[in-house]
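Coordinates in review
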Amino acid sequence: MSSKTFHGGVHPKEYKELTENLAFEKFPFPEMVILPLSQHLGKEASPQVKKGDDVKPGQLVAKAEGFISAPVHTSVAGKVMSLGKEQTSSGFPKDSIVIKTTGTVESEKFLFPPLNPETATPDEIRERVALAGIVGQGGAAFPTSVKLTPPKDKVIDVVILNGCECEPYLTRDYRFMIERPDDLISGLKLIMKALNVNRGVIGIEDNKPEAIELLSSKVKFEHGLEVTALKTKYPQGAEKMLIKTVTGREVPPGKLPMDVGAVIQNIGTAIAIHDAIVKGEVLISAALTVSGKGIKNPKNLIVPVGTTIQNVIDYCGGVTDDAVKIIVGGPMMGVAQFDLHVPVMKATSGILVLTKDEVAENPETPCLRCGQCIGACPLNLMPTKLARYSQLNRFEDAEGAGITVCMECGTCAYTCPANIPLVQWIRLGKQKVLQIKRDRDVK
Amino acid sequence: METTTTIEPKQKVYFDLTTSPHLHSKWTTSKVMWFVVAALVPSIAAALTFFGWTQIFIIITAVVFAVGTEVSIQVIRKKQITWFDGSAALTGLLLALTLPPNFSLSATAIGSVVAIGLGKQIFGGLGYNIFNPALVGRAFLQAAFPVQITTWLKPNFAVDSVTSATPLAAFKFDKIFTDTVPMAIGNVGGSLGETSAIAVLIGGILLIAVGIVNWRIPLSMILGMFLFGGMFWLINPQNPTPIFHIFAGSFLFGAMFMATDWVTSPITNKGMWVFGLGISLVLVVIRIYGGLPEGVMYSILFMNGFVPLINRYTRPTIFGAVKEEKKK
């Protein structure tokens, strides 16, 4: 089996063996949930409940504001305790609704009337996806209904389901592919229908041969569907890398996948779309991998949105004595946490507890100009230069060198023998450059 | 919205807080440096085999004075002491391996002091120097001790026809060509480390395999030798063949260990091609038309000077950018 790939990238140790053979477990209802009003990119949802209200699972508690936004539903039955700023895993506090759980009766759950996937129209699919509050499960949490509504002048000819899961440790998408292959294909077909596209590709890294085999056998007799094996290399799951590998097209800087005729959806998103259409469910649970050598019992879990990370970690047996770092997301792009009283959100894909020997922090030395970061950058940037410009406050040079193109995948900092925190500097420079750009636009 | 209220008091836990990525490859500056030192072991072994075990004193002297100079300057400048990162020891070792056998130990010490002092620390230390420090040290010795540094020793196990003259000197002054086989094995006259092409290649290929040496530099130098050396040979068959150029003198040692020095070579892949081809061109010209029989050192130092310029003009095209321009 020959696997396709892209230029650059790295191959970190995978650590998938910790959880890849563990089936999803359902997390019990927590005592309380914290529901940030902005669990997506775009405008914050506006609250529809007030302190003291009783709510049922699946009930709308905040409605979408404008086009690029998503509604929020409660994942438990309970009483609204407060509305206010709460800390989140992004590192920033966000306006949130806190609900104390009073009952855990599953049958009370709010459901939309199921739609027949065969007869549902593209508009019905889009409307349901929007009402169900579905956001991209890959991490960026872009409202999915927006992605299913491309501008009229964009011609989309391929939908790619992202089954790469190129971040080490994470096995959530893999478990979906193994446990729910039919639902996943159903979700893919619904996406293709909404976009009026005839070609659907499921891209899977070749470190998951069982998933490739299983899905290949499932799509064998499906018209227009195919499974593509991709070489296991980080960041294969980045949108631009995946499109390039599957279609050969390059998304130009500052453009979107739809500009080259492609729409990418995450495996988890396809499942959520299937559940919303076929079962009428709203998005109130997050599938995530809890892993790392610092957690006592690694697991793949289905967790009610809003459960605190502390609850999840306790459920997995707590942390070991040598744990040094807790990350929400994957180890390459996730965010280190200082407060465990933060909620699992719709797009949370993993909680990792890492020990000292996994994070291996070494002292920083001066740049040796070895060029490893440049050779590894999948977007052909010069990370060492961008970081230097940022250190020296030379933001115009940084802009000229393409700092805003950087997707912060971390490949450069991973590979740097001098241990320079390249991503940290580039991120800083990027913020400054974007600020300067905004100011320029205002003038 | 009300102000912050929560059900339970917030329990803060202070863990390691750094930005992503949270994983890192196992390489560090010092691991890389010591690994390169290890890759030089075959060359050291070859040197001791062909020129006698006493040559180890040249190596020890060079390394001790290189590290000593590094530490002294850092102490004087009140900078962090970093000798254990291995870079100074590596510079000393590289310098020693470019010297002829039985070279004076005091001159070796001077070479090391110059290599670290003028070649590296004066620019601000590791990562900031423009020219390969070991070669700066050697260039100084070449100017200061021109006779000593071209006085060669007849190697052990040499067949009778082999003289103590290096293959390049034999060619330059007497128009005698040495066979490739002895040059590859190393029982010919020459500097300590450059004598055995095979030992150099073992270390070099190891470095390429683990990704420390970017294969583009040695490959472009070898291809450049075939191109430019071949051109001169075709014009005038009296000139050496490209194969002779490659196996003679310190070409391979330079290609694997000197030109590939991270700090003083280009950072872009395209730039590495320009750099390697440039070295070969300059080298062929020096060897054929220059006053000296060998020119690897000068050609690398010469191209080191162009590295900032090469970097500037070989910036890689950002992913997707070309196609956008074409559309316009």
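Residues numbered from 1 in each chain as written. Chains lettered and ligands numbered in written order. Predicted model: local features only at pLDDT ≥ 70, side-chain atom pairs only at ≥ 80, totals over all residues.

Moving on, we get to the sheet that holds strand β8 (residues 93-103) of chain A. All names here are of chain A. Spatially, the four strands line up as an open sheet ordered β2-β8-β7-β4, and their pairing is antiparallel. Among the strands making up the open sheet, the edge pair consists of β2 (32-36) and β4 (54-55). Two strands pair when backbone bridges link them, and strand β7 (residues 77-87) and β8 are joined in this way by 10 bridges, in the antiparallel orientation. Across the sheet, the residue bridging to Val-80 is Ile-99, located in β8. (Pairing = 2+ DSSP bridges. Helix = DSSP H or I, 4+ residues; strand = E, 2+ residues; numbered from the N terminus.)

Here we take up the sheet that holds strand β9 (residues 158-163) of chain A. Residues and elements named next belong to chain A. Taken together, four strands build an open sheet; the order of strands is β11-β10-β9-β12 and the sheet is parallel. Looking at the sheet topology across the chains shown, the edges are occupied by β11 (225-230) and β12 (262-266). The mean inter-strand angle of the sheet, taken between neighbouring strand axes irrespective of direction, is 25 degrees. Taken strand by strand, helix α5 (residues 209-219) contacts β9, β10 (200-205) and β11, and its axis lies near 160 degrees from that of β11. (Axes fitted to C-alpha atoms, helices over the stretch in contact; angles between N-to-C directions. Contact = placed C-beta atoms within 7 Å.)

On to the interface of chain B and chain A, then. Each side of the interface is counted separately: chain B has 46 residues, and chain A has 64 residues. For the side of chain B that touches chain A, the secondary structure elements donating two or more residues are α1 (29-39) and α16 (321-327) of chain B. Of all the elements, α16(B) adds the most residues to the side of chain B that touches chain A, at three residues. Tallied by class, residues from the side of chain B that touches chain A come to 19 nonpolar, 19 polar and eight charged. (Nonpolar A, V, L, I, M, F, W, Y, C, P; charged D, E, K, R; others polar.)

Residue and element names in this part refer to chain A. Relative to strand β5 (residues 60-63), strand β3 (residues 46-47) runs antiparallel, the two sharing two bridges. Opposite Pro-47, over in β5, you have Ala-62 as the bridge partner. Sheet topology note: the β5/strand β6 (residues 72-73) ladder contains two bridges and is antiparallel. Residue pairing in the sheet places Leu-60 in a bridge with His-73 of β6.

Residues and elements named next belong to chain A. Packing of helix α3 (residues 172-179) against α5 leaves a shortest axis separation of 9 Å and a crossing angle of 35 degrees. Of the two elements, α3 crosses α5, and the hand of that crossing is left-handed. Contacts between α3 and α5 pair Tyr-174, Met-177 and Ile-178 from the former with Glu-210, Ala-211, Leu-214 and Leu-215 from the latter. Here the contact of α3 with α5 is composed, by residue class, of six nonpolar, no polar and one charged. (Left-handed = near helix turned anticlockwise from the far one by under 90°.)

Before going further, it helps to spend a moment on the nonpolar core. Within soluble globular proteins, side chains that are nonpolar generally end up buried alongside one another. By size, the foremost hydrophobic cluster in this structure holds 147 residues, and its most contacted members are Ile160(A), Ile191(A), Val312(A), Leu386(A) and Leu422(A). At eight residues, helix α4 (residues 181-195) of chain A tops the list of elements feeding residues into this core. Grouped together as the second largest cluster of nonpolar side chains are 84 residues, Ala46(B), Ile59(B), Met183(B) and Met258(B) included. (Core = buried A, V, L, I, M, F, W, Y, C linked by C-beta atoms within 7 Å. Buried ≥ 20, exposed ≤ 12 C-beta atoms within 10 Å, placed from the backbone.)

Turning our attention to the environment of Leu131(A). Residues and elements named next belong to chain A. Tracing the chain through its elements places Leu-131 in helix α1 (residues 122-131). A sequence separation of 68 residues divides Leu-131 from Lys-63, and the C-alpha atoms of the two residues are 8.8 Å apart. Not counting the four nearest positions on each side in its chain, Leu-131 is found in contact with Pro-71 and Phe-112.

The next thing to look at is the domain arrangement of chain A. Reports often express the size of an interface as the amount of accessible area lost when the parts come together. Residue and element names in this part refer to chain A. Each assigned domain of chain A is listed with its residue range as follows: domain 1 (27-105 + 303-358), domain 2 (113-279) and domain 3 (372-442). For domain 1 and domain 2, the distance between their C-alpha centres works out to 25 Å. The interface is formed by 22 residues belonging to domain 1 together with 18 residues belonging to domain 2. Counting residues per element, the ones that place at least two in the side of domain 1 that touches domain 2 are β6 and β17 (350-355). Of the residues that constitute the side of domain 1 that touches domain 2, the class distribution is 12 nonpolar, nine polar and one charged. (Domains from an automatic or database assignment.)

On to the packing of helix α5 (residues 105-117) of chain B against helix α6 (residues 133-144) of chain B. All names here are of chain B. The geometry of α5 relative to α6 is characterised by a closest axis approach of 7 Å and an angle of 135 degrees between their N-to-C directions. One finds that α5 runs oblique with respect to α6. Regarding α5 and α6, the two cross each other, and that crossing is right-handed. Residue-level inspection shows Ala-107, Gly-111, Ser-112, Val-114, Ala-115 and Ile-116 of α5 in contact with α6, the latter providing Pro-133, Ala-134, Val-136, Gly-137, Arg-138, Phe-140 and Leu-141. (Parallel < 35°, antiparallel > 145°, perpendicular 65-115°, else oblique.)

Buried within α1(A) are the following residues: Ile125(A), Arg128(A), Val129(A) and Ala130(A). The secondary structure elements touched by the buried residues of α1(A) are α2 (144-147), α4 and α7 (267-279) of chain A.

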